[in-house]
Amino acid sequence: MSESESIKANIAFHEKMFFAAIAALMALIGWMSSKYMVASSLLLIIVLVVSFFSGIYVVYQYRLIKRLIKELKDVE
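Our subject in this report is the structure included herewith.

How each quantity is defined
- Residues numbered from 1 in each chain as written.
- Predicted model: local features only at pLDDT ≥ 70, side-chain atom pairs only at ≥ 80, totals over all residues.
- Heavy atoms only, no water.
- Salt bridge = Lys/Arg side-chain N within 4 Å of Asp/Glu carboxyl O.
- Helix = DSSP H or I, 4+ residues; strand = E, 2+ residues; numbered from the N terminus.
- Buried < 20%, exposed > 50% of the residue type's maximum accessible area, 1.4 Å probe, protein only.
- Phe/Tyr/Trp six-rings, centres within 6.5 Å; stacked < 30°, edge-to-face > 60°.
- Expected span 1.5 Å × (residues − 1).
- Contact = heavy atoms within 4.5 Å.

1. With respect to the pattern of salt bridges
Alright, step 1. This structure, assessed with the given rule, holds one salt bridge.
Alright, step 2. Among the salt bridges present, the one from Lys8 reaches Glu5, with a minimum N-O distance of 3.9 Å. Residue Lys8 and its partner Glu5 are located together in helix H1 (residues 3–35), separated by three residues, close to a single helical turn.
Alright, step 3. Given the relative accessible area of 42%, Glu5 is considered partly exposed.

2. Concerning the packing of aromatic side chains
A ring pair, where both rings are aromatic, is described by two values, the distance of the centres and the angle of the planes.
Alright, step 1. Tallied over the entire structure, the rule returns four aromatic pairs.
Alright, step 2. Judged by centre distance (6.3 Å) and plane angle (35°), the rings of Tyr57 and Tyr60 are tilted. Within this pair, Tyr57 and its partner Tyr60 are both found in helix H2 (residues 41–75), separated by three residues, close to a single helical turn.
Alright, step 3. Members of the aromatic cluster, each reached through a chain of ring pairs, are Phe18, Phe19 and Tyr62.

3. Quick word on H1
Since the α-helix turns once every 3.6 residues, residues separated by three or four places project in the same direction.
Alright, step 1. Between its terminal C-alpha atoms H1 stretches 48 Å, which fits the 48 Å expected from 33 residues at 1.5 Å a residue.
Alright, step 2. In the core, the buried residues of H1 are packed alongside H2.

Remember, this is a structural readout, not a statement about activity or role.
See below:
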């Protein structure tokens, strides 16, 4: 497998992780907005913390994908 093919495979994997993290973040925010009156405070805090770290992971994946695309341009 050439280096460019390897980078393309990494980009594809990280794109899937990026979109999965966005989906999880949207699901958590949606759940939190619909259940804030009936859920316990502890559960809401846990979901808020998980949402925060999911958002950080989205940003991390985005930056990683951008770096891999730049690396791919340098290789080709």
